[in-house]
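One letter stands for each residue in the lines below.
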Amino acid sequence: MGNSYKMQNVLDISYHYPPELLELLCDAVPALFRSKQGVIDFFVGAGVPSKLLGDWKIKLKQDKGSVKKHEIARSVLCRLNDAGESALALRREVIKRVSEFDDFSSCWDNDRYKAQGLVAQIQKLVNVKDSFTRINLEREKERKERQAAYTARVQAKQKEAEQRTAIKDSLYKLFGETDPHKRGKRLEGVLNNLFSFAGFLVREAFALKGDAGQGVIEQIDGVVEIDGVLYLVEMKWWDKPIGRQEIAPHFVSVYGRGDVAGIFISYSGFSPAAIEDAKTGLAQKVFVLTELQEIIQVIDREADLKAFFKEKINRAKSDRNPFYKLPS
């Protein structure tokens, strides 16, 4: 299969014989056969149609002495070359048959070594051509892979920018909503998109708790997974800082869910007492407090949301500071 595969590679790239290969074939084919009919039969065996051989068959019958083997070979090979893509399979077959030729008993004695040498040259040329072909194919493959990777990065960046813009626009629209319940319902989708965009798995979708009759009381709960740890996330959109009494149910929920940590997001900040209670709770659980404005700033700066939350979590663990604020 070796030479046949190499032939296919060579001729897949170009729809004609390279000049040096054509010349070698024009010399080799006549040397491989004693008779002029042998040359004709070689091409017939390779599948060359009568329209490319017919005139030579007639000449051979009418005036055998005026016909030379070299003339037949060159004429037919040039016709195959000029036929372009339509004769691709025939050109492959001719090369295959010549390069795999190993019985030189059909040659004249004084042509045998010449024929062997020509076949060896054709085999060598085919190997060289195939090597260059494979190198070029590999280079082209690598170029396409690099281009595809670059395109994928560009598209990923574009998609990220579009998602970031959509989240930012959604957040900004919340500030213009005066109906607390409507704002809370919209906030559900914003938080789900926000944590998904940050690269965290949302295990329990964010949902509004309570009903429209509760006025300013808005509580959005969800569960996300960060580095294999589940975090109960709660958000309140109040017009005053979240105090000890308002944050206490969050602590109770976290304590009651086993191996779960907590993230509390507030539109209006936190009272000193609420921050102190969260700091005390760090002795048993990880609690992170963040203001909505911090998240908006991260989005505005096009910074990494995942890194933002991870840094807040790490500071809560290492510095015992549940309300660490990253430098703006």
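Residues numbered from 1 in each chain as written. Predicted model: local features only at pLDDT ≥ 70, side-chain atom pairs only at ≥ 80, totals over all residues. Heavy atoms only, no water.

**Examining the overall build of the chain**
Each helix and strand in the chain was counted, giving 12 helices and five strands. Taken over 328 residues, the chain has a buried fraction of 42%. Taking the contacts inside the chain whose residues are at least 6 apart along the sequence as the reference set, 66% of them involve residues at least 24 apart. As presented, the chain carries roughly 17500 Å² of accessible surface, and 50% of it is formed by carbon and sulfur atoms. (Helix = DSSP H or I, 4+ residues; strand = E, 2+ residues; numbered from the N terminus. Buried < 20%, exposed > 50% of the residue type's maximum accessible area, 1.4 Å probe, protein only. Contact = heavy atoms within 4.5 Å. Areas by Shrake-Rupley, 256 points an atom, 1.4 Å probe, with all protein chains shown as cover.)

**Points about the pattern of salt bridges**
What the rule picks out here adds up to 16 salt bridges. Among the ionic pairs, Glu-100 bridges to Lys-96, the shortest N-O distance being 3.3 Å. Using a relative accessible area of 26% as the deciding quantity, one classes Lys-96 as partly exposed. (Salt bridge = Lys/Arg side-chain N within 4 Å of Asp/Glu carboxyl O.)

**Structural notes on the packing of aromatic side chains**
Evaluation of the coordinates by the stated rule reveals 15 aromatic pairs. When the centroid spacing of 6.1 Å and the interplanar angle of 75° are considered together, the rings of Phe-200 and Phe-309 count as edge-to-face. One end of the pair, Phe-200, is in the loop between helix H8 (180-197) and strand S1 (201-209); the other, Phe-309, is in helix H12 (residues 305-318), and 109 residues separate them in sequence. When its relative accessible area of 5% is taken as the criterion, Phe-200 is described as buried. Accessibility expressed as a relative area gives 1% for Phe-309, which makes it buried. The interplanar angle of 70° and the centroid separation of 5.1 Å between the aromatic rings of Phe-308 and Phe-309 together place this pair among those described as edge-to-face. As far as the burial class goes, Phe-308 and Phe-309 line up, both buried. (Phe/Tyr/Trp six-rings, centres within 6.5 Å; stacked < 30°, edge-to-face > 60°.)

**Considerations on the packing of helix H11 (residues 292-300) against H12**
For the pair H11 and H12, interaxial distance at closest approach is 10 Å and the crossing angle is 140°. Regarding the angle of H11 to H12, the classification is oblique. Considering the relative orientation of H11 and H12, their crossing is right-handed. Listed contacts from H12 to Glu-294, Ile-295, Val-298 and Ile-299 of H11 are Leu-305, Phe-308, Phe-309 and Lys-312. Of the residues that constitute the contact of H11 with H12, the class distribution is six nonpolar, no polar and two charged. (Axes fitted to C-alpha atoms, helices over the stretch in contact; angles between N-to-C directions. Parallel < 35°, antiparallel > 145°, perpendicular 65-115°, else oblique. Left-handed = near helix turned anticlockwise from the far one by under 90°. Nonpolar A, V, L, I, M, F, W, Y, C, P; charged D, E, K, R; others polar.)

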